[in-house]
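What follows is the residue order along each chain.
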Amino acid sequence: MGPAVDRVWVTFDTPQSHSLLVGQEVHFAPFAGTRDLVGTARIAVWARNFMRTNHFDTVVSTGASIALAVLPLASRKGAHCYYIESATRTDGPSLTGSLLTPFRSIHLHTQYECWANRRWKYLASIFDGFRSFSVTQPARPRRVVVSLGMHRGFSFRRLLEQLIRIIPDGTDVLWQVGCTDTSGLDIDAHISLSASELSHAMAKSDVVITHAGVGSAISALKVGKRPILVPRRKRFKEHVDDHQALIAGELDRRELAFSVEADELKWDQVAQAVSWRVERISPALGLNEVYF
């Protein structure tokens, strides 16, 4: 959309949304957790009231609970509705995407050609906008950014404990841990940072180590880092499923990240990441300017 188009954002009230959407018209929906049916119902009630006083020609979403609550309602009110599946879904639609599939008035798009079909149209991948290259004289890693994102309700202490074991003394580490309990760990942890603060820290770092969330991965790529992505695992109650392993594997295949399991992470792998940089290229649809 060009600058003359009126644009409104509907999202959750988080530090990231506040910092990323400064100066924008933003409306905060009630929060819903992952696969939270009651929370999604609350959003649907909120959206019904919101739509009574606001009209939109086009509505675009990538999920999850907000898409499920808003898109069917917006389509009934005559808006052109588009659901773009998250880049995390490398082998098929998410639960949100599956639930939206029967709504023929909603246009569905995937970022992976391998599972596109008559209902799901292949668009492009946000990752098409990046490529990596090696550097000849890498520095020893002295500054490390560790980011666990801000996903509510899911701890990732397993990664923190492994990093404490392998990171040498004297290394400058910024720890952004979200809701993960750090009691008993000798680290100076930040629950959250603004998008600009985290981006600045990543840009100044030698290595970025993060959970395999798309937002965290793209934040690292945009400042030229090839991050180490550590997937959260369902069996440790770190997420609802193992989709983070899929996206970590996809970015490893593209040579845009290193996919490593938390219990297997070694310091020599961290040192290897310093040998790589990432640069932007021009994707066909300019998707590298949007978080999916």
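Here, the structure is the one placed above.
Keep in mind that this is a model prediction, so the values were computed, not measured.

> Which residues make up the packing of helix 2 (residues 37–52) against helix 3 (residues 65–76), and what are the values?
Running from N to C, helix 2 and helix 3 point in directions that differ by 40 degrees, and their axes come no closer than 9 Å. Relative to helix 3, helix 2 is oriented oblique. Regarding helix 2 and helix 3, the two cross each other, and that crossing is right-handed. For the pair formed by helix 2 and helix 3, the contact residues are T40, I43, A44, A47, R48 and M51 on the first element and S65, I66, L68, A69, V70, L73 and A74 on the second. Split by residue class, the contact of helix 2 with helix 3 holds 10 nonpolar, two polar and one charged.

> Give a description of a positive patch on the surface that names residues and reports values.
A cluster of basic residues, R48, R52, R76 and K77, forms a positive patch at the surface. Here R48 is to be found in helix 2. We classify R48 as partly exposed; its relative accessible area is 40%.

> I'd like a description of empty space enclosed by the protein, backed by residues and values.
In total, this model carries one cavity of 30 Å³ or more according to the counting rule given. The volume enclosed by the largest cavity comes to roughly 40 Å³. Residue assignment for the lining of the largest cavity shows that the elements contributing at least two residues are strand 11 (207–211) and strand 14 (276–280). When grouped by side-chain class, the residues that make up the lining of the largest cavity number four nonpolar, no polar and four charged.

> Hey, could you go over the sheet that holds strand 11 for me, with residue numbers and the actual values?
Read from one edge to the other, the open sheet built from six strands follows the order 10-9-8-11-12-13, with strand pairing classed as parallel. This sheet does not close on itself; its edge strands, each paired only once, are strand 10 (189–190) and strand 13 (258–259). Pairing geometry for strand 8 (residues 143–147) and strand 9 (residues 172–176), over five bridges, is parallel. Bridge pairing links R143 to D172 in strand 9.

> Residues and numbers for the nonpolar core, please.
Counting 39 residues, the largest nonpolar core has L71, Y83 and F127 as its most contacted members. Within the residue set of this core, elements represented by two or more residues are helix 2, helix 3, strand 4 (80–84), strand 5 (106–110), helix 7 (214–222) and helix 8 (243–253). Residue contributions to this core peak at seven residues, all from helix 3. In contact with L71, not counting residues within four places along its chain, are V59, S61, I66, C81, Y82, Y83, L100 and I106. Formed by 27 residues, the second largest nonpolar core is a distinct cluster that contains V144, F258, V270 and V274.

> Tell me about unusual backbone geometry, and name the residues and values.
Following G63, the chain continues to A64 via a peptide bond in cis, the omega torsion being -5 degrees. Its location among the elements puts A64 in the loop between strand 3 (58–61) and helix 3.

> Report on the sheet that holds strand 3, specifying residues and quantitative values.
Within a sheet, each strand pairs with its neighbour through backbone hydrogen bonds, oriented either parallel or antiparallel. On the basis of which strands lie adjacent, the open sheet formed by four strands has the order 3-4-5-6 and parallel pairing. Each edge of the sheet is formed by a strand with only one pairing partner; in this case those strands are strand 3 and strand 6 (120–122). Going across the sheet, the axis of each strand differs from the next one's by a mean of 25 degrees, ignoring polarity. Sitting on the sheet, helix 3 touches strand 3, strand 4 and strand 5, and the angle it makes with strand 4 is about 155 degrees.

> Let's hear about the environment of G63: which residues, and what values?
One can find G63 in the loop between strand 3 and helix 3. Measuring from C-alpha to C-alpha, the distance between G63 and G97 comes to 8.0 Å, with 34 residues separating the pair along the chain.

Rules behind the numbers
- Residues numbered from 1 in each chain as written.
- Predicted model: local features only at pLDDT ≥ 70, side-chain atom pairs only at ≥ 80, totals over all residues.
- Heavy atoms only, no water.
- Axes fitted to C-alpha atoms, helices over the stretch in contact; angles between N-to-C directions.
- Helix = DSSP H or I, 4+ residues; strand = E, 2+ residues; numbered from the N terminus.
- Parallel < 35°, antiparallel > 145°, perpendicular 65-115°, else oblique.
- Left-handed = near helix turned anticlockwise from the far one by under 90°.
- Contact = heavy atoms within 4.5 Å.
- Nonpolar A, V, L, I, M, F, W, Y, C, P; charged D, E, K, R; others polar.
- Patch = residues over 30% accessible without salt bridge, like charges linked within 9 Å, V, L, I, M, F, W, Y side chains within 5 Å.
- Areas by Shrake-Rupley, 256 points an atom, 1.4 Å probe, with all protein chains shown as cover.
- Salt bridge = Lys/Arg side-chain N within 4 Å of Asp/Glu carboxyl O.
- Lys, Arg positive; Asp, Glu negative; His and termini not counted.
- Charge placed at Lys NZ, Arg CZ, Asp CG, Glu CD.
- Buried < 20%, exposed > 50% of the residue type's maximum accessible area, 1.4 Å probe, protein only.
- 1 Å grid on protein atoms, 1.4 Å probe; cavity = no way out; pocket = protein on both sides within 12 Å on 5 of 7 lines; lining within 4 Å.
- Points joined across faces, edges and corners; volume = space filled by probe spheres on them.
- Pairing = 2+ DSSP bridges.
- Core = buried A, V, L, I, M, F, W, Y, C linked by side-chain atoms within 4.5 Å.

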